[in-house]
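Residues per chain are reported as follows:
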Amino acid sequence: QVQLVESGGGLVQAGGSLRLSCAASGTIFSINTMGWYRQAPGKQRVLVAAITSGGSTNYADSVKGRFTISRDNAKKTVYLEMNSLKPEDTAVYYCNAALRRRYYLPEEDYWGQGTQVTVSS
């Protein structure tokens, strides 16, 4: 079994900061890309930021310069540092990991349960 457990969401005023964490656990051979997605009410889930095992990053245009994604491969953990938060950042944030449970198994996508981020104006 593989689990992704997120933490760090909450309520913050506009202009504030939050740090999300997501730790992967269970039977894991390797983790490729890890990322954060978000889903606002009535909208589709969209990519916020992603980071490969080698450290290459990709950001949605709406968060560039404000959010920073990082990971600790030894801890199987990905982080999202969110600064200068805006009300439009309000959403449920989901952690995603593309990983292999065994060397002989194909890569699969796993998701966390989601954590609410609410930014008040």
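See the structure above.
Nothing here was measured: the structure is a model prediction, and the numbers come from that model. (Residues numbered from 1 in each chain as written. Predicted model: local features only at pLDDT ≥ 70, side-chain atom pairs only at ≥ 80, totals over all residues. Heavy atoms only, no water.)

Undergrad: Quick rundown of the overall build of the chain? Include the residues and the values.
TA: Regarding its fold elements, the chain presents zero helices and 11 strands. Starting at the N terminus and walking to the C terminus, you meet the elements of the chain as β-β-β-β-β-β-β-β-β-β-β. In terms of C-alpha radius of gyration, the chain reaches 14 Å, essentially the compact-globule figure of 14 Å for 121 residues. For the C-alpha atoms alone, the extent of the chain along its principal axes is close to 50 × 25 × 25 Å. The proportion of buried residues among the 121 residues of the chain is 40%. Put simply, of all contacts in the chain between residues at least 6 apart along the chain, 55% involve residues at least 24 apart. Carbon and sulfur atoms make up 46% of the accessible area of the chain, which amounts to about 6500 Å² in all. Averaging the coordinates of the 13 positive side-chain charges in the chain and doing the same for the 9 negative ones gives two points 3 Å apart. (Helix = DSSP H or I, 4+ residues; strand = E, 2+ residues; numbered from the N terminus. Rg over C-alpha atoms; globule rule 2.2 N^0.38 Å. Buried < 20%, exposed > 50% of the residue type's maximum accessible area, 1.4 Å probe, protein only. Contact = heavy atoms within 4.5 Å. Areas by Shrake-Rupley, 256 points an atom, 1.4 Å probe, with all protein chains shown as cover. Lys, Arg positive; Asp, Glu negative; His and termini not counted. Charge placed at Lys NZ, Arg CZ, Asp CG, Glu CD.)

Undergrad: Report on the sheet that holds strand 3 (residues 18-26), specifying residues and quantitative values.
TA: Pairing within the open sheet is antiparallel, and its four strands lie in the order 1-3-8-7. The sheet is open, and its two edges are formed by strand 1 (2-7) and strand 7 (67-72), each paired on a single side. If you compare each strand with its neighbour and ignore which way they point, the axes differ by 15° on average. Inspection of the sheet shows strand 3 paired to strand 8 (residues 77-82) by six bridges, in the antiparallel sense. Following the sheet pairing, Cys 22 is matched in strand 8 by Val 78. (Pairing = 2+ DSSP bridges. Axes fitted to C-alpha atoms, helices over the stretch in contact; angles between N-to-C directions.)

Undergrad: Got a sec to walk through the packing of aromatic side chains? Specific residues and values, please.
TA: How two aromatic rings sit relative to each other is set out by the distance from centre to centre and by the angle between their planes. Per the stated rule, a full pass over the model turns up three aromatic pairs. With a centroid separation of 5.1 Å and an interplanar angle of 85°, the aromatic rings of Tyr 103 and Tyr 104 are classed as edge-to-face. Just as Tyr 103 is exposed, Tyr 104 falls in that class too. An aromatic cluster is built from Phe 29, Tyr 103 and Tyr 104, whose rings are joined through pairwise contacts. (Phe/Tyr/Trp six-rings, centres within 6.5 Å; stacked < 30°, edge-to-face > 60°.)

Undergrad: Talk me through the environment of Ile 31; I want residue IDs and the actual numbers.
TA: Note on placement: Ile 31 falls in strand 4 (residues 30-39). Residue Ile 31 is classed as buried on the basis of its relative accessible area, which comes to 13%. On a C-alpha basis, the gap between Ile 31 and Glu 107 in space is 8.6 Å, while along the polypeptide they are 76 residues apart. Once residues within four sequence positions are removed from consideration, Ile 31 is found in contact with Ala 24, Ser 53, Arg 71, Lys 76, Ala 97, Ala 98 and Leu 99.

Undergrad: Can you lay out the state of the cysteines for me, pointing to particular residues and giving the numbers?
TA: Under the defined criterion, the tally for this structure stands at one disulfide. Through a disulfide, Cys 22 is tied to Cys 95; the S-S separation comes to 2.1 Å. Between Cys 22 and Cys 95, the S-S torsion sits near -80°, and that sign places the bridge as left-handed. Here Cys 22 is found in strand 3, whereas its partner Cys 95 is found in strand 9 (residues 91-100), with 73 residues between them in sequence. There is no split in this pair, since Cys 22 and Cys 95 are both buried. (Disulfide = S-S within 2.5 Å.)

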